[in-house]
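# Structural overview
The residues making up each chain are set out below.
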Amino acid sequence: MTNNRAFAELMAFQRQTEALAGVAGRLGWDQETMMPPGAAEQRGEEMAAMEGVMHARRTDPRIADWLAAADPADAAGQRAVALIARSYARTTKVPSDLAQELARVTSTAQGIWARARAEEKVADFLPTLGQVIALRRQEAECLAQGGDLYDALMDDYEPGATAEVMGAMFDRMRPRLVALRGAVLEKAPPAAIQGHFAKEAQLALSREVAGVYGYDFSRGRIDLAVHPFSSGGGNDSRITTRVVESDPFNCIYSTIHEVGHSSYELNIDQAYLMTPLGSGVSMGVHESQSRIYENQIGRGPGFTAHLYGLMAARFGDMGVGSADGFYRAINRVQPGFIRTEADEVHYNLHIMMRFDLERALVRGDLAVGDLEAAWNDRFAADFGVQVDRPAHGMLQDVHWSVGLFGYFPTYTLGNVYAGCLFQALNAAVPGVEAQLAAGDCSGAVGWLRENVQRHGGLRTPEATIAHACGFAPSEGPLLDYLEAKFGALYGL
Ligand code: ZN
């Protein structure tokens, strides 16, 4: 067997694995959007069976032989081999029966969480949550091999990240965020928008806004789900959104956020299709795309001026008087219970709280039965508000039910990366705000497509951002941006 032949065989095998992963992903999308509720248990079994197939492929002993012999000709091939080697090393550490049990339990746990949240019954969710944590700990022990369990889990979402580095970054960010929050909350808040925003009108507007951002409807679609998400990759990347009739920004900005995720997938170089380079490199980089679409671009003075025109045509003035009043209403800062609805000043404080709580859960320092009290105490301390019901507290996020421990910090990392990218974008594309005000997103999203999205998994997460920006990423640009934006908005 020649070295090139080993590489070719490895890549052909991987291509089928990628295809099957796409099928498994579509099952997950269906579960959240179209599946009849009575099918939940059966779907759990179907997902577990798929997981068994995927696990067998990812641990196929031929991979070790191919990896040892493969001699790729270029950087993309070398990176593909490195990513397959990484996946192989991780997957072979976890026994197949544990992987399948995790897939089965987390699939049904999601339904149990959704019911417990709807009925506000924490006790109904706790046994399942305990089971999920126990299984993820077991998995982490296999992966960490004596190292830190939380790091082993986080590595799935953000390769190379550690809790120590994340925690240190959060410690640097916190004082400036708390100071900014304190100064803003001393000022009178701007007026909120008013009106009734019919569901169909919101959905039509969201589709129009997705189009302004260049979302490719020929390879994507928008459906409704409880928790907005994006799913799939290659030439099939779909998003979901949700509608609250009193709050149109919920639907609009959920849609923009998911369009950012989905566009990243859709804009990856077609040469990487169905290879390990053909999907977003990490959740942190993914979140940088959704966040910069949503916040730095979508909540900026330029884009909101355009959005004001679109909305005023449908809903009237909304009581804000002008595009400036509308910009202020969109960027209203107030402590709220729900992370996904948090303003830019509060958002990262939500993440820091979850990071500390889930680390304690994984370490075993916090018992599942004590989680609600720990959540509520911490929320009161950080946000100055008492949680009034479980759906506003520990039952609000889907993540823990599906075993996503170590995922939350990637949200703040994404914000940090978005801060860096926005600084670089403004240097590279002069007059970007004026373009956005005219409803032209092509300068901004074109720059992101060329410098970040196109490259998929070619570089490590940090190198992906550094390559686009021309400087090593840090939290500084995000904090500078927040202080400048909200300082001006609130006259600080
Ligand atoms: Zn996101």
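Residues numbered from 1 in each chain as written. Predicted model: local features only at pLDDT ≥ 70, side-chain atom pairs only at ≥ 80, totals over all residues. Heavy atoms only, no water.

### Topic: the packing of helix H9 (residues 199–212) against helix H12 (residues 301–315)
In contact at an axis separation of 11 Å, H9 and H12 are set at 150° when each is read in the N-to-C sense. Accordingly, the angle class assigned to the pair H9 and H12 is roughly antiparallel. For the element pair H9 and H12, the recorded crossing hand is right-handed. Contacts between H9 and H12 involve Ala-201, Gln-202, Ala-204, Leu-205, Glu-208, Val-209 and Val-212 from the first element and Phe-303, His-306, Leu-307, Leu-310, Met-311, Arg-314 and Phe-315 from the second. Grouping the constituent residues of the contact of H9 with H12 by class yields 10 nonpolar, two polar and two charged. (Axes fitted to C-alpha atoms, helices over the stretch in contact; angles between N-to-C directions. Helix = DSSP H or I, 4+ residues; strand = E, 2+ residues; numbered from the N terminus. Parallel < 35°, antiparallel > 145°, perpendicular 65-115°, else oblique. Left-handed = near helix turned anticlockwise from the far one by under 90°. Contact = heavy atoms within 4.5 Å. Nonpolar A, V, L, I, M, F, W, Y, C, P; charged D, E, K, R; others polar.)

### Digging into the nonpolar core
Core analysis: the largest hydrophobic core is formed by 143 residues, its most contacted members being Tyr-213, Met-311 and Phe-326. Here this core gathers at least three residues from each of two domains, domain 1 (3–147) and domain 2 (163–490). Among residues more than four places away in sequence, those in contact with Phe-326 are Ile-193, Phe-249, Thr-304, Leu-307, Tyr-308, Met-311, Met-318 and Val-320. (Core = buried A, V, L, I, M, F, W, Y, C linked by side-chain atoms within 4.5 Å. Buried < 20%, exposed > 50% of the residue type's maximum accessible area, 1.4 Å probe, protein only. Domains from an automatic or database assignment.)

### Some words on the packing of aromatic side chains
Enumeration according to the criterion identifies 20 aromatic pairs in this entry. With a centroid separation of 6.1 Å and 65° between ring planes, the pair formed by Phe-249 and Tyr-253 is classed as edge-to-face. With a gap of four residues between them, Phe-249 and Tyr-253 both fall in helix H10 (residues 248–266), about one helical turn apart. Like Tyr-253, Phe-249 is buried. Pairing Tyr-347 with Tyr-411 gives two aromatic rings, centres 6.5 Å apart and planes at 90°, and the pair type is edge-to-face. With Tyr-347 in helix H14 (residues 347–363) and Tyr-411 in helix H16 (residues 409–428), this residue pair connects regions lying 64 residues apart in the sequence. (Phe/Tyr/Trp six-rings, centres within 6.5 Å; stacked < 30°, edge-to-face > 60°.)

### Some details on the domain arrangement of the chain
According to the domain assignment, the chain contains domain 1 (3–147) and domain 2 (163–490). Between the C-alpha centres of domain 1 and domain 2 the distance comes to 26 Å. On the domain 2 side, the residues contacting the 33 residues of domain 1 number 42 residues. In total, about 3200 Å² of surface goes out of reach between domain 1 and domain 2, with carbon and sulfur atoms giving 66% of it. In terms of surface lost to domain 2, no three residues of domain 1 exceed Trp-29, Arg-79 and Glu-120, which account for 20% of the buried area on that side. (Buried area = accessible area lost by both parts, 1.4 Å probe.)

### Quick look at the coordination of the zinc ion
The protein atoms that coordinate the zinc ion are His-257 (NE2), His-261 (NE2) and Glu-287 (OE), at distances of 2.1 to 2.2 Å. Here the donor residues of the zinc ion are spaced in sequence according to H-x3-H-x25-E. Placement of both His-257 and His-261 in helix H10 is noted, with a separation of four residues, approximately one turn of the helix. One exposure class covers both His-257 and His-261, and it is buried. (Donors = N, O, S within 2.8 Å, 3.2 Å for Na, K, Ca; no water.)

### Points about the sheet that holds strand S1 (residues 222–224)
Here we have three strands laid out as an open sheet, ordered S1-S3-S2, and mixed in their pairing. Of all strands in the sheet, those bounded by a partner on one side alone are S1 and strand S2 (230–233). Averaged over neighbouring strand pairs, the angle between their axes works out to 20° when direction is ignored. In the packing of H10 onto the sheet, the strands contacted are S1, S2 and strand S3 (236–241), and the crossing angle to S3 comes to about 170°. (Pairing = 2+ DSSP bridges.)

### Side note on helix H18 (residues 442–451)
Inspection of H18 places Gly-443, Ala-444, Val-445, Gly-446, Trp-447 and Leu-448 among the buried residues, and these make up the whole buried set. Looking at the buried residues of H18, the elements they touch are helix H11 (283–297), H16, helix H17 (432–437) and helix H19 (461–469).

### Overview of the state of the cysteines
By the definition in use, this model includes zero disulfides. Left without a disulfide partner, Cys-441 is nearest to the cysteine sulfur of Cys-251, which lies 17 Å away. Cys-441 gets classed as buried once you look at its relative accessible area, which sits at 1%. (Disulfide = S-S within 2.5 Å.)

### Quick word on the side chain of His-55
Position of His-55 among the secondary structure elements: in helix H2 (residues 40–58). Looking at His-55, the relative accessible area reads 6%, which means it is buried. Setting aside residues up to four positions removed in sequence, His-55 forms contacts with Thr-91, Val-94, Pro-95, Ser-96 and Ala-99.

### Quick word on the pairing of S3
Across the six residues of S3, six count as buried, placing the element largely inside the fold. Alternating residues of S3 divide into Asp-236, Arg-238 and Thr-240 and Ser-237, Ile-239 and Thr-241, and every residue in both groups is buried. The pairing of S1 with S3 spans three bridges and is classified as parallel. Residue pairing across strands places Ile-222 opposite Ile-239, the latter belonging to S3. Direction of pairing for S2 relative to S3: antiparallel, over a ladder of four bridges. Counted as the bridge partner of Ser-230 is Ile-239 from S3. Taken together, S2 and the strand that follows it, S3, pair antiparallel across an intervening segment of two residues, in which Gly-234 is found at a positive phi of about 65°.

### Quick look at the environment of Tyr-264
Here Tyr-264 is to be found in helix H10. Separated by 34 residues in sequence, Tyr-264 and Ser-230 place their C-alpha atoms 11 Å apart. When neighbours within four sequence positions are excluded, Tyr-264 is seen to be in contact with Gly-280, Val-281, Val-285, His-286, Gln-289, Val-452, Gln-453 and Gly-456.

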